[in-house]
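# Commentary on secondary and tertiary structure
So the chains spell out like this:
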Amino acid sequence: MSTIKRGAAALAVLCAAAACAPAGGVSTGPGEGGRIAVGQRLTGRLSSANPSALEHGPFRAYRFTATKGQRLIATMESGDFDTFLTVARMIGPVMETVKSDDDGGEDTNSRVRFVAPESGSYLLIAQSLPEDGAGSYTVALNPAPASVASTVPLALGQRVTGSITDTDEVEEDTERPYDTYTFRGRAGQRLTVKMESEGFDTYVDLGRMENGAFKSLASDDDGAGEGTNSRLRYVIPTDGDYVIHAAGFGSDALGEYIISMEERPQVARAAQALRSGVTATGALDEDDEVLEADNSFFDSWTYAGRAGEQIKITMSSEAFDTYVVIGRMVNGEFEEVAKMDDGGEGTDTLLEVTLPADGEYVIRANSYQSGQTGDYTLRVDSSRDR
């Protein structure tokens, strides 16, 4: 929800509509549409005689009552102008917008699907999107269809056709309707989940169920590159059951889609040696190792250091935000000595460290965020060369 403060004149009209609108849908003023009940459909007409507000054209405001958590769908249709529909409530002199929509319905009609945040009185503001819009319209307020929970197993290599509908379960925070898919994952498994649709902007969320609630581990909107399809790359941290929510990026996204899941092979790559004063080039890609902490890709480089040696590690990339970690391998485990995100120009990294002991050090050329790939350069400058 967003709070929007408007002009005093428009607010006065809206306040009057909220507080004084009569029963039965009978208008008593140019901006008052009356009351509308859940399950009711009303007709009206807008013209220059109606007040304008909210940076759009003329409007009429209808009052209705809702209870907290009630799921409703409001629609506005007109063959004469492009509609704009807002669900709001008045808190003193301030209008709090619950949700608004321009073309969520067919053609230029509006459709708002929402969950009432509190019990009380609300406004349904039927409006013209253009400032000079005029003509007849209809508004309706109906209960959203009851949600039907369903869970579909998703296997590797399988392409499943699904559909986001009004009867799907809805995420509480985002109000996105979603379908649920499950699979059994194993530690270290490198997966790519794709979701494609020609009808809406897709969104994929992968997680696990904890204490009966979904906990997101990784998500993706437009990772497939061109268009609005999703591609989520993730490395499974532990054996167990996992859940995928297939949804649209917007809460009103409905329609058919295709979802699939594939396993990526891991390519074994030996660490490359770095010499002081020499700039090396590398690239992060989907076949690289992944940090368990955040599922980000990294390359390993080695450097032969001495106790008390002061070195500067510089990592640069035009493709991603760089991140550098230096450490040592002790009994087969990586022990961190120092790390740095930025320090260089822009999002490049400059890490300065004094080495604690003689021996071989491991430098991890990493990205700041998971899923980032691309070319980079890496360089070590040592106090021994001064």
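Fair warning: this is a prediction, and the values are worked out from it, not measured in the lab. (Residues numbered from 1 in each chain as written. Predicted model: local features only at pLDDT ≥ 70, side-chain atom pairs only at ≥ 80, totals over all residues. Heavy atoms only, no water.)

Moving on, we come to the packing of aromatic side chains. By convention here, two paired aromatic rings are described through the distance between centres and the angle between planes. In this structure the tally under the stated criterion is six aromatic pairs. Each ring, one from Phe64 and one from Phe114, has its centre 6.3 Å from the other, and the planes form 55°; the classification is tilted. Pair noted here: Phe64 is in strand E4 (residues 59-66) and Phe114 is in strand E8 (residues 110-115), with a separation of 50 residues, a long-range link. As far as burial versus exposure is concerned, Phe64 and Phe114 are alike and both buried. Through a chain of ring-to-ring contacts, the aromatic side chains of Phe64, Phe114 and Tyr122 assemble into a single cluster. Between the NZ or CZ atom of Arg176 and the centre of the ring of Phe249, over which it lies, the distance is 5.4 Å. (Phe/Tyr/Trp six-rings, centres within 6.5 Å; stacked < 30°, edge-to-face > 60°. Helix = DSSP H or I, 4+ residues; strand = E, 2+ residues; numbered from the N terminus. Buried < 20%, exposed > 50% of the residue type's maximum accessible area, 1.4 Å probe, protein only. Lys NZ or Arg CZ within 6 Å of the ring centre and 35° of its normal.)

A word on the side chain of Gln127. Within the fold, Gln127 resides in strand E9 (residues 120-128). Given a relative accessible area of 0%, Gln127 falls into the buried group. Separated by 2.8 Å, the side chain of Gln127 and the backbone oxygen of Gly57 make a polar contact. Not counting residues within four places of it along the chain, the set of residues in contact with Gln127 comprises Leu46, Ala53, Leu54, His56, Gly57, Pro58, Phe59, Met76, Phe81, Asp82, Thr83 and Phe84. (Polar contact = N/O pair within 3.5 Å; in protein donor to acceptor, adjacent residues only side chain to side chain. Contact = heavy atoms within 4.5 Å.)

The next thing to look at is the sheet that holds strand E18 (residues 230-235). Reading across from one edge, E12-E20-E15-E18 is the order of the four strands in this open sheet, with antiparallel pairing throughout. Of all strands in the sheet, those bounded by a partner on one side alone are strand E12 (159-164) and E18. For this sheet, the mean inter-axis angle between neighbouring strands, taken without regard to orientation, is 20°. Direction of pairing for strand E15 (residues 190-196) relative to E18: antiparallel, over a ladder of six bridges. When the sheet's bridge partners are listed, Met195 is paired in E18 with Ser230. (Pairing = 2+ DSSP bridges. Axes fitted to C-alpha atoms, helices over the stretch in contact; angles between N-to-C directions.)

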